[in-house]
Amino acid sequence: MTTSKPARRFAPAKINLFLHVGDKRTDGYHDLVSLIAFADTGDWLEVRDAKRQSLSITGPFADALKDETDNLVLKAARDLDVWAEERGHKTSPVELILEKNLPIAAGIGGGSSDAAAVLHLLAEHWSLPIPIDELESIGKAMGADVPVCLRGCPTLVSGMGEILSPAPELPAFSLVLVNPGIEVPTKRIFNTISVRSGTVPPPFPPRFESARTFAMFLDGLFNDLAAPAKAIAPVIMSAEGALVATEGCLIARMSGSGATCVGLYEKDEDAVAAAAKIAQANPNWWVKAARTFVSP
């Protein structure tokens with residue numbers, strides 16, 4: 001049995017810097033193309049040896065998951081255990097502890113990032129010789145965002161989000177994430193989408209000289225899910241507008257299917273000041289200043 005000490009892994013928030021949607025597929029899903037980055041704010045996963053497998057949840061958003069009898073964290077553990085058993089590798093019962101810092105159903109990949117963190121943690125904890133492409137195959141069965149969260153670095157995604165390509169080199173920039181405390185139904189958003197930018201990736205320059213030039217590039221791209229999400233939940237427009245109104249904000253837009261909006265800043269101090277200003281004016285919103293993050 002494994003007797004290694006408790007191990008922790010960060011599960012960063014996933015940011016869609018743009019998200020273009022294509023036509024509806026015959027299986028009912030939509031193809032898309034999106035540039036993904038990660039923020040240094042997120043959840044934490046811890047694994048400990050135990051007599052039986054269990055999951056406990058702490059953190060500011062723990063109550064939002066208290067009624068769930070199953071979730072992606074437990075599914076990730078089970079699916080990796082099945083992979084190990086089918087190949088004759090030994091595993092051991094574990095206690096998983098999720099520190100839930102990200103809001104639920106917020107368009108920033110919290111559940112997918114948590115699942116990815118568990119796959120990495122348990123592969124190491126159980127000393128499994130599993131290559132990254134097989135981890136991604138397990139992750140894909142849980143959701144299209146899990147493979148990119150396993151990589152945890154800037155990535156261009158396509159297909160339903162499961163086809164991963166290297167992103168261009170991105171400049172350093174700061175972020176402010178704002179969620180007005182609502183959930184928007186992803187299926188309804190996709191069903192009411194009217195503008196589709198298509199799935200041909202934009203022509204990227206070899207590199208971006210600065211955060212400002214990167215923001216100018218993003219200004220010509222879109223999140224096609226933003227308009228239907230704002231029609232369902234107009235408060236998203238208020239969150240986006242609050243970011244735009246802050247000093248130093250280069251560009252602001254909704255991430256994923258919402259309702260989290262993200263502002264890009266060149267200077268950390270501008271992001272910190274913007275987050276403080278928005279939080280003071282909107283005490284019921286979730287507001288975080290952050291920087292871009294690349295998983296180890």
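(A) Quick look at the overall build of the protein chain. Each helix and strand counted, the protein chain has 9 helices and 10 strands in total. Taking 296 residues into account, the globule formula puts the C-alpha radius of gyration at 19 Å, and the protein chain, at 19 Å, falls close to it. For the C-alpha atoms alone, the extent of the protein chain along its principal axes is close to 55 × 45 × 40 Å. Burial statistics for the protein chain: of 296 residues in total, 52% are counted as buried. For the protein chain, restricting intrachain contacts to residue pairs at least 6 apart in sequence, the fraction spanning at least 24 positions comes to 76%.

(B) Structural context of the pairing of strand S9 (residues 261-265). In terms of residue burial, S9 counts as a mostly covered element, since 5 of its 5 residues are buried. Where burial is concerned, the two faces of S9 agree: the one with Cys261, Gly263 and Tyr265 and the one with Val262 and Leu264 are both buried. One ladder, built from 5 bridges, connects strand S7 (residues 174-179) with S9; its direction is antiparallel. Note on S9: the bridge partner recorded for Leu175 is Leu264. Direction of pairing for strand S8 (residues 249-254) relative to S9: antiparallel, over a ladder of 5 bridges. From the neighbouring strand, Cys249 faces S9, where its bridge partner is Tyr265.

(C) Inspection of the packing of aromatic side chains at higher detail. Within this structure, the stated rule accounts for 6 aromatic pairs. With 5.1 Å between their ring centres and 50° between their planes, Phe10 and Trp44 make a pair best called tilted. On the criterion of sequence distance, the pair formed by Phe10 in strand S1 (residues 7-24) and Trp44 in strand S2 (residues 30-49) is long-range, its members being 34 residues apart. Since its relative accessible area comes to 14%, Phe10 is described here as buried. Site record: aromatic cluster; members linked through ring pairs are Phe173, Phe204, Phe208, Phe214 and Phe217. Its guanidinium or amino end placed over the ring of Trp44, Arg8 lies 4.4 Å from that ring's centre, counting from NZ or CZ.

(D) Main features of helix H9 (residues 268-281). Here H9 is 14 residues long and its end C-alpha atoms lie 20 Å apart, about the 20 Å a rise of 1.5 Å per residue gives. Within H9, burial applies to Asp270, Ala271, Ala274, Ala275 and Ile278. Along the long axis of H9, the arc covered by the buried residues comes to 130°, so they all point the same way. Across H9 from its buried face, at more than 90 degrees, point the exposed residues Glu269, Val272, Lys277 and Gln280. On the buried face of H9, the contacting elements are S7, helix H8 (235-244), S9 and strand S10 (286-291).

(E) Structural detail: the pattern of salt bridges. Taken as a whole, this structure holds 15 salt bridges when the rule is applied. Here Arg8 makes a salt bridge to Glu46, at a shortest N to O gap of 4.0 Å. In this pair, Arg8 sits in strand S1 while Glu46 sits in strand S2, placing the two residues 38 residues apart along the sequence. Residue Arg8 is classed as partly exposed on the basis of its relative accessible area, which comes to 45%. A relative accessible area of 12% means that Glu46 is categorised as buried. For Arg48, the salt bridge goes to Glu46, with nearest N and O atoms at 2.6 Å. Residues joined in a network through salt bridges with shared partners are Arg8, Glu46 and Arg48.

Thresholds, definitions, all that
- Residues numbered from 1 in each chain as written.
- Predicted model: local features only at pLDDT ≥ 70, side-chain atom pairs only at ≥ 80, totals over all residues.
- Heavy atoms only, no water.
- Helix = DSSP H or I, 4+ residues; strand = E, 2+ residues; numbered from the N terminus.
- Rg over C-alpha atoms; globule rule 2.2 N^0.38 Å.
- Buried < 20%, exposed > 50% of the residue type's maximum accessible area, 1.4 Å probe, protein only.
- Contact = heavy atoms within 4.5 Å.
- Pairing = 2+ DSSP bridges.
- Phe/Tyr/Trp six-rings, centres within 6.5 Å; stacked < 30°, edge-to-face > 60°.
- Lys NZ or Arg CZ within 6 Å of the ring centre and 35° of its normal.
- Expected span 1.5 Å × (residues − 1).
- Arc of directions from axis to C-beta.
- Salt bridge = Lys/Arg side-chain N within 4 Å of Asp/Glu carboxyl O.

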